[in-house]
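Spelled out from the first residue to the last, the chains are:
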Amino acid sequence: LLGSGCVSRGVLVQFISIKRKHKEEDTKSSDRKSVSEHEEEMTEYWLISAPGEKTCQQTFEAMNNTTSKQNNLSTNYKFHIPDLKVGTLDQLVGLSDDLGKLDGFVEQVTRKVAQYLGEVLEDQRDKLQENLMANNTDLPSYLTRFQWDIAKYPIKQSLRNIADIISKQVGQIDADLKTKSSAYNNLKGSLQNLEKKQTGSLLTRNLADLVKKEHFILDSEYLQTLLVIVPKAMFHEWNTTYEKITDMIVPRSSQLIIQDSEYGLFTVSLFKKVVEEFKLHAREKKFIVRDFTYNEEELAAGKNEITKLVTDKKKQFGPLVRWLKVNFSECFCAWIHVKALRVFVESVLRYGLPVNFQAILIHPNKKSIKRLRDVLNQLYGHLDSSAGLPGSNVDSVDIPGLGFGQSEYYPYVYYKLNVDMIETKV
């Protein structure tokens, strides 16, 4: 049992060395990519841990002196992880793999919430950044001053239980987001469709706001008024031929109601018995009859529908934005707690018992990425002589735990995270 201190450093090294082969070219490629990415933006942080020396404070000071004070390669912060329950080796190895999957899931949901908040804000999207807060502070501040939330994630619980609490919490947020976004998107889509009908071409737009009662013959047993869309280039042809399209058309009954850049909207009155024949022959001449019945109650209902949708959207907007802000904070905080769990588990597996390591949050300076990586490897290369080249990638064999879920392997525990929730894709 790891909890009883029976796992030797030798066993841990054996476990780790299983994974240290190949992938040197991938590592070089990864390093090059890392440098180019950081040239553009520095919203990425590195979360590492190193074994405690006489005290964990000495570990931090040694690292900080070398990277920050002497070489100005980064800004470093202590990352506080409480004394969590260790459990057994088997539990830690299995949990390490599961935490990797949980990490990806929680990050994905966090970014989905942020992205959807941007969509909901629409023309206020430039305010998205100021709305993305974690525990009422900006994301870098929350990260650099991280404190474990004992109320939400009790440290007396097992590591597995804490992971399950986070998984259920974020899973529920993900499910609620799907429900809320679907309802709001349907409302927004209905409103957009109606608004398009108010402003589109005469071929497709809603005609209710364009016509008046006096344009129509109403309440007649025999006669009916149709609305016809005529291309502008064919106005003359319409005026000279519409009376001859079929029999039983009321002479001089056509009137131009309105025109746009391409078409004109005309009325024509005729006997009801020839309506279908008229539609057919009109279409052959490129005159399009719009299906429209003048009904004051229905027209009023249509206008009321737009008003209702606009009102409903305004009513839902505020509560939805508040929900997204609150649950973005919940997700982001949960994500950082998952990172803390991963650092704890990995550090115990790497460095053995008793638990003695210092977690450090590193904010690399923009032009010092490669140099910083070299300095860290010089500081901690002795921790794993089997690692070979600095930054050796882990072999892709699926053995859980001990950092095997990471795409990059270093002699020290290492995870990266990016707090840019606006541009960065999952």
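Up top you'll find the structure we're talking about.
Residues numbered from 1 in each chain as written. Predicted model: local features only at pLDDT ≥ 70, side-chain atom pairs only at ≥ 80, totals over all residues. Heavy atoms only, no water.

S.K.: What exactly am I supposed to notice about the overall build of the protein here?
M.R.: Scanning the protein for helices and strands turns up 11 helices and 10 strands. Evaluated residue by residue, the protein yields a buried proportion of 46% over its 426 residues. Within the protein, contacts between residues at least 6 apart in sequence are counted, and of these 81% link residues at least 24 apart. Accessible area for the protein stands at about 21,900 Å²; split by element, carbon and sulfur atoms hold 49% of it. (Helix = DSSP H or I, 4+ residues; strand = E, 2+ residues; numbered from the N terminus. Buried < 20%, exposed > 50% of the residue type's maximum accessible area, 1.4 Å probe, protein only. Contact = heavy atoms within 4.5 Å. Areas by Shrake-Rupley, 256 points an atom, 1.4 Å probe, with all protein chains shown as cover.)

S.K.: Before we go on, may I ask you to explain the sheet that holds strand β1 (residues 44-51) in this structure?
M.R.: The strands that make up a sheet are held in pairs by hydrogen bonds between backbone atoms, and each pair lies either parallel or antiparallel. Within the open sheet, the 4 strands sit side by side as β2-β9-β1-β10. Their pairing is antiparallel. In the strand order of this sheet, the two ends are held by β2 (74-78) and β10 (413-418), each with one partner. Each strand axis lies, on average, 25° off the axis of its neighbour in the sheet, ignoring direction. The pairing of β1 with β10 spans 6 bridges and is classified as antiparallel. Opposite Ser49, over in β10, you have Val413 as the bridge partner. Sitting on the sheet, helix α11 (residues 369-380) touches β1, β2, β9 (357-364) and β10, and the angle it makes with β1 is about 10°. (Pairing = 2+ DSSP bridges. Axes fitted to C-alpha atoms, helices over the stretch in contact; angles between N-to-C directions.)

S.K.: Would you explain a nonpolar patch on the surface in this entry?
M.R.: A grouping of Tyr222, Met248 and Phe271 is seen on the molecular surface, where their side chains present a nonpolar patch of about 290 Å² in accessible area. Within the secondary structure layout, Tyr222 lies in the loop between α7 (159-199) and β5 (223-231). (Patch = residues over 30% accessible without salt bridge, like charges linked within 9 Å, V, L, I, M, F, W, Y side chains within 5 Å. Salt bridge = Lys/Arg side-chain N within 4 Å of Asp/Glu carboxyl O.)

S.K.: Whenever I open this one, the pattern of salt bridges confuses me. Can you help?
M.R.: In a structure, side chains of opposite charge can pair up when their charged atoms sit close to one another. Under the defined criterion, the tally for this structure stands at 14 salt bridges. Notably, a salt bridge pairs Lys313 with Glu122, separated by 3.1 Å at the nearest N-O pair. Taken as a pair, Lys313 in helix α10 (residues 296-351) and Glu122 in the loop between α4 (89-121) and α5 (128-131) lie far apart in primary sequence, 191 residues in all. Linking Asp374 and Lys370 is a salt bridge whose minimum nitrogen-to-oxygen distance equals 3.7 Å. Within this pair, Asp374 and its partner Lys370 are both found in helix α11, separated by 4 residues, close to a single helical turn. Here the residues in one salt-bridge network are Asp103, Lys339 and Arg342, joined through shared partners.

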